[in-house]
Amino acid sequence: LFIVHVPERKEKKHMLQGILPKNGKVVEGSVMFQGNDLTKYSERQMQQVRGSEIAMIFQDPMTSLNPTMKVGKQIEEMLKEHRKEMSKADRKARAIELLSLVGISNPEARYDQYPHQLSGGMRQRVVIAIALACDPKVLIADEPTTALDVTIQAQILDLMRDLQKKIKTSIIHNLGVVANIADRVAVMYGGKLVETGDVEDIFHNPCHEYTKGLLRSIPKAHEKGGELQAIPGTPPDLMEPPVGCPFAARCKETMIVCQKYMPDYTDCGKNHKSACWMLDEMAQEVNSDEK
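Residues numbered from 1 in each chain as written. Predicted model: local features only at pLDDT ≥ 70, side-chain atom pairs only at ≥ 80, totals over all residues. Heavy atoms only, no water.

The number of helices and strands found in the protein is 12 helices and 11 strands. Within the protein, residue pairs in contact and separated by at least 24 positions form 56% of the contacts whose partners lie at least 6 positions apart. With an accessible surface of roughly 16,600 Å², the protein has 50% of that area assigned to carbon and sulfur atoms. (Helix = DSSP H or I, 4+ residues; strand = E, 2+ residues; numbered from the N terminus. Contact = heavy atoms within 4.5 Å. Areas by Shrake-Rupley, 256 points an atom, 1.4 Å probe, with all protein chains shown as cover.)

Here's what the structure looks like:
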């Protein structure tokens with residue numbers, strides 16, 4: 001895990017690809033990928049990982065695609081960089097194959113079109129095709145459905161679920177859609193892993209107060225007229241990270257020990273663990289005595 005100092009508040013997932021702005025830097029921790037710490041990599045080394053081993057689907061296809069280039073050539077750029085052994089014909093064939101894989105009809109014709117000639121949903125599919133070009137081991141989904149209408153959002157999520165089964169790639173996504181596409185979930189707060197477990201355990205038996213707060217804050221379609229249940233307070237300042245549990249300042253169950261020490265992980269069930277002092281044996285004994 002890692003702590004990132006980014007004055008402009010870029011998100012930490014950008015660190016996984018080493019694309020922080022110039023005024024951002026890693027000040028603590030590590031990012032372990034296949035036994036190597038990515039924070040120690042030079043820019044040249046990261047260029048070999050970026051796009052090839054770890055790829056990202058960006059949020060807005062209009063700003064992540066080059067409006068002056070045909071979409072087929074933009075897919076081929078990734079192949080030129082990381083698959084230098086491929087011939088020109090092979091790159092074109094692979095680009096058309098990827099367009100078909102992400103569900104774009106008549107991929108041969110789309111290959112020669114510009115982004116403005118495609119719909120929003122098709123543009124996002126092209127961005128996904130670019131990310132998948134080199135069969136990455138990790139795919140970071142930067143809220144790729146935000147700029148799309150709800151019908152297209154559902155199509156893109158269905159596509160990502162199907163792709164995950166076909167290509168066996170790990171996908172990093174936001175909590176709003178992990179229930180549909182994830183097998184296991186890792187919940188992070190303040191740069192620390194606070195809970196991990198199978199997706200059903202996380203959603204039906206959350207153990208950490210932050211996870212509980214996240215799930216409470218998701219709007220429910222069958223409940224109308226009620227207030228949204230936001231988590232009170234603000235995230236910690238990672239320029240001066242808290243010494244104890246990073247969620248202590250916002251937790252309604254916080255104790256003195258929470259503010260001074262980071263708890264160890266406690267088993268909450270099979271393949272399910274959480275870092276919370278309320279789960280510690282001593283805390284459970286105190287609660288039992290009070291009852």
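Don't stop here, the text continues.
Working definition: the strands of a sheet are paired by backbone hydrogen bonds and lie parallel or antiparallel to each other. Reading across the sheet, the 4 strands line up as β8-β9-β11-β10 and stay open at both edges, with antiparallel pairing between neighbours. The sheet is open, and its two edges are formed by β8 (184–189) and β10 (266–269), each paired on a single side. The mean angle between the axes of side-by-side strands here comes to 25 degrees, regardless of whether they run parallel or antiparallel. Of the strand pairs in this sheet, β8 and strand β9 (residues 192–198) are connected by 6 bridges, and their pairing is antiparallel. Bridge pairing links Val185 to Gly197 in β9. Against the sheet, helix α10 (residues 209–217) makes contact with β8 and β9, and its axis sits at roughly 105 degrees relative to β8, the strand it touches most. (Pairing = 2+ DSSP bridges. Axes fitted to C-alpha atoms, helices over the stretch in contact; angles between N-to-C directions.)

Taken together, the side chains of Lys73, Lys80, Lys88 and Lys92 make up a positively charged region of the molecular surface. Those elements that provide at least two residues to the positive patch are α3 (71–82) and α4 (88–101). Relative to the helices and strands, Lys80 is located in helix α3. Taking relative accessible area as the criterion, Lys80 reaches 48% and is therefore assigned partly exposed. (Patch = residues over 30% accessible without salt bridge, like charges linked within 9 Å, V, L, I, M, F, W, Y side chains within 5 Å. Salt bridge = Lys/Arg side-chain N within 4 Å of Asp/Glu carboxyl O. Lys, Arg positive; Asp, Glu negative; His and termini not counted. Charge placed at Lys NZ, Arg CZ, Asp CG, Glu CD. Buried < 20%, exposed > 50% of the residue type's maximum accessible area, 1.4 Å probe, protein only.)

So, about the confidence of the model for the protein. When pLDDT is averaged across the protein, the result is 82; 82% of the residues are at 70 or more. Per-element mean pLDDT across the protein ranges from 38 in strand β1 (residues 2–5) up to 96 in helix α5 (residues 107–110). In this model residues 1–13 is a low-confidence stretch, pLDDT under 50, and it forms 41 contacts with partners more than four residues away in sequence or in other chains. (pLDDT = per-residue confidence, 0-100.)

Let's shift gears to the pairing of strand β6 (residues 138–141). A regular strand places its side chains so that they alternate between the two faces of the sheet. Here β6 shows a buried face lined by Val138 and Ile140 and a second buried face lined by Leu139 and Ala141. With 4 bridges joining them, strand β5 (residues 54–57) and β6 adopt parallel strand pairing. For Ala55, the partnering residue across the bridge sits in β6 and is Leu139.

Our next topic: the pattern of salt bridges. For the coordinates displayed, the defined rule picks out 10 salt bridges. A salt bridge links Glu253 to Lys252; its shortest N-O distance comes to 3.3 Å. Salt bridges linked by common partners bring Glu209, Lys212, Lys252 and Glu253 together as one network.

Counting 34 residues, the largest nonpolar core has Ile75, Val102, Val126 and Ile128 as the members making the most contacts within it. Looking at this core, the elements with two or more residues in it are β5, α3, α4, α6 (120–132), β6 and α7 (150–167). The element contributing the most residues to this core is α6, with 8 residues. The contact partners of Val126, leaving out residues within four places of it in the chain, are Leu65, Val71, Leu99, Ile104 and Leu118. Core analysis: the next-biggest nonpolar cluster, separate from the first, contains 16 residues, Leu214, Ile231, Cys258 and Trp277 among them. (Core = buried A, V, L, I, M, F, W, Y, C linked by side-chain atoms within 4.5 Å.)

Bringing the side chain of Arg125 into the picture now. For Arg125, the position within the fold is in helix α6. Leaving out residues up to four positions away in the same chain, Arg125 has contacts with Val102, Gly103, Ile104, Gln155, Ile156 and Leu159.

Here we come to the packing of aromatic side chains. Scanning the entire structure with this criterion turns up 3 aromatic pairs. An angle of 55 degrees between the planes, with centres 5.4 Å apart, marks the rings of Tyr210 and Phe247 as tilted. In this pair, Tyr210 is assigned in helix α10 and Phe247 in the loop between α10 and α11 (256–260), connecting sequence segments 37 residues apart. By the burial criterion, Tyr210 is buried, and Phe247 matches it. Three or more aromatic residues joined by ring pairs form one cluster here, namely Tyr189, Tyr210 and Phe247. (Phe/Tyr/Trp six-rings, centres within 6.5 Å; stacked < 30°, edge-to-face > 60°.)

Right, let's talk about the packing of α3 against α4 for a bit. Two packed helices can be described by the angle between their axes and the distance between those axes. Between α3 and α4, the shortest axis-to-axis distance is 9 Å and the interhelical angle comes to 120 degrees. Here α4 runs oblique to α3, going by the angle between their axes. In the packing of α3 onto α4, the handedness of the crossing is right-handed. Across from Gly72, Lys73, Ile75, Glu76, Leu79 and Lys80 in α3, the residues of α4 making contact are Lys88, Arg91, Lys92, Arg94, Ala95, Leu98 and Leu99. For the contact of α3 with α4, a count of residues per class yields 5 nonpolar, 1 polar and 7 charged. (Parallel < 35°, antiparallel > 145°, perpendicular 65-115°, else oblique. Left-handed = near helix turned anticlockwise from the far one by under 90°. Nonpolar A, V, L, I, M, F, W, Y, C, P; charged D, E, K, R; others polar.)

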